[in-house]
Amino acid sequence: MGIADLLAGVTGQGDFGVWLGGLDGQAAFTHDADRTHYSASTMKLPVAMAMMRKVEAGELALDQPVTVHNDFASAAEGRFGVNPAEDEAPATWTKLGEQVPLGWLATEMITKSSNLATDLVLELTGVDAANAVLAEYGSGASVIRRGIDDAGAQAARISNLMSPADLAAVLVAVGNDKGASGEYVRDLLAGNNWNGEIPAGVPEGTRVEHKNGWDLRIRHDGGIVRPADAEPFVLVVCTTSELPDQEAQKLIAAIATQAWDNRHDLEAVQ
């Protein structure tokens, strides 16, 4: 059963997008790769990249202290706070009112997918800077316009969007960045603690530099897979569907298995 067969098996149950290719940015297999989905936590990768650009420029420092708080300016009007019940990364919440290094927040943002840490990093980096990273590598269809849990912005239909092709383009950029920032971001992605999608479909111990995202009806994952016996490849799968969440995870893992099985010749993927 190929990737096309797996996708045929969920026809009519939602929107599914796939981009598979090499670090040269050339696609070997795509399916609705330009369709945008609500980004969920995949937007945290461009946020991390924007942060590192400001670190390189001397505008931020990974060791600078940041006071942990839960009060942010909305992209619409007023202010908002992150809903702790929807944040599955508790460590940042234990630091409320305390100062922590920016680098610690970045690690929580990527490896634990902390929503609170994300909004703290985004507050310093700026939404425009994060969106500029995405726009530089993507098609322009994917956007970052607000922080996580910005209820006022959500009500005003201000959303973050991501397509498989654009997330793949960002991953290709990260994978080809030979500088210290590229290495830093790749190591963050490789330390991701949530591994129920792409990593679940490849052999245990394989390095996968990935960022996933999930919400109601949403389950995405995008990453660079580094086999020991083949060239690295980039895989992004975005799902907005009626599938039970575990089934969406299994679908992404099954697609990753197909990519892995064809790692020596991605063009053979069906």
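Please refer to the structure placed before this passage.
Every chain is numbered on its own, with residues counted from 1 as its sequence reads. Where totals are concerned, whole chains, interfaces and linings use all residues; where local detail is concerned, this predicted model gives features only for residues with pLDDT of at least 70, and gives and counts side-chain atom pairs only at 80 or more. Side-chain numbers come from the whole structure's heavy atoms, not from hydrogens or water.

## Comments concerning the sheet that holds strand 9 (residues 207-215)
In step 1: For two strands to be treated as a pair, DSSP must find no fewer than two bridges joining them. Only runs of H or I of at least four residues qualify as helices and only runs of E of at least two qualify as strands under DSSP, and these elements are numbered from the N terminus. Taking strand neighbours across the sheet as the criterion, the five strands line up as 2-1-11-10-9 in an open arrangement whose pairing is antiparallel. Only two strands of the sheet have a single partner each, and these edge strands are strand 2 (27-31) and strand 9. Sheet twist, expressed as the average angle between the axes of neighbouring strands with direction ignored, equals 5 degrees.
In step 2: Any two residues whose heavy atoms approach within 4.5 Å are treated as being in contact. Interaxial angles span 0 to 180 degrees and are taken between N-to-C directions of axes, which are lines fitted to C-alpha atoms, for helices over the stretch in contact. Packed onto the sheet, helix 7 (residues 164-176) meets strand 1 (14-22), strand 9, strand 10 (218-226) and strand 11 (233-241) and runs at close to 150 degrees relative to strand 11.

## A look at the side chain of H220
In step 1: Of note, H220 is situated in strand 10.
In step 2: Throughout this description, a polar contact denotes any pair of N or O atoms lying within 3.5 Å of each other; where both atoms belong to protein, one of them has to be capable of donating a hydrogen while the other can accept it, and for residues adjacent in sequence the pair is counted only when both atoms sit in side chains. Side-chain polar atoms of H220 contact the backbone oxygen of Y38, separated by 2.8 Å.

## Regarding the pattern of salt bridges
In step 1: Whenever Lys or Arg places a side-chain nitrogen within 4 Å of a carboxyl oxygen from Asp or Glu, that contact is recorded as a salt bridge. Counted according to the given criterion, the structure contains 14 salt bridges.
In step 2: The shortest N-O distance in the salt bridge between E108 and K112 comes to 3.7 Å.
In step 3: With a 1.4 Å probe rolled over the protein chains alone, any residue whose accessible area is under 20% of its type maximum counts as buried; one over 50% counts as exposed, and the rest are partly exposed. For K112, a relative accessible area of 29% gives the class partly exposed.
In step 4: Linking E197 and R219 is a salt bridge whose minimum nitrogen-to-oxygen distance equals 2.6 Å. You can see E197 sitting in the loop between helix 8 (180-190) and strand 9 and its partner R219 sitting in strand 10, a full 22 residues away along the chain.
In step 5: A residue is classified by how much of its surface remains accessible, and R219, at 7% relative accessible area, is buried.
In step 6: Each of D187, R207, E209 and R226 takes part in a single network of salt bridges with overlapping partners.

## Topic: the packing of helix 2 (residues 44-56) against helix 4 (residues 115-125)
In step 1: The geometry of helix 2 relative to helix 4 is characterised by a closest axis approach of 10 Å and an angle of 40 degrees between their N-to-C directions. Judged on the interaxial angle alone, helix 4 and helix 2 are oblique. Taken as a pair, helix 2 and helix 4 cross one another with a handedness that is left-handed. Contacts from K44, V47, A50, M51 and K54 of helix 2 reach helix 4 at N115, T118, V121, L122, L124 and T125. Angles are sorted into four bins: roughly parallel if under 35 degrees, roughly antiparallel if over 145, roughly perpendicular if 65 to 115, and oblique for all others. Definitions for this section: a left-handed crossing has its near helix turned counterclockwise from the far helix by less than a right angle. A right-handed crossing has that turn clockwise.

## Here we look at the pairing of strand 1
In step 1: With respect to burial, strand 1 is a largely interior element, seven of its nine residues being buried.
In step 2: Bridging between strand 1 and strand 11 involves nine bridges; their strand directions are antiparallel. Note on strand 11: the bridge partner recorded for F16 is T239.
In step 3: Examined bridge by bridge, strand 1 and strand 2 share four bridges and lie antiparallel to one another. From the neighbouring strand, W19 faces strand 2, where its bridge partner is T30.
In step 4: Adjacent in sequence and paired antiparallel, strand 1 and strand 2 are bridged by four residues, among which G25 carries a positive phi angle near 85 degrees.

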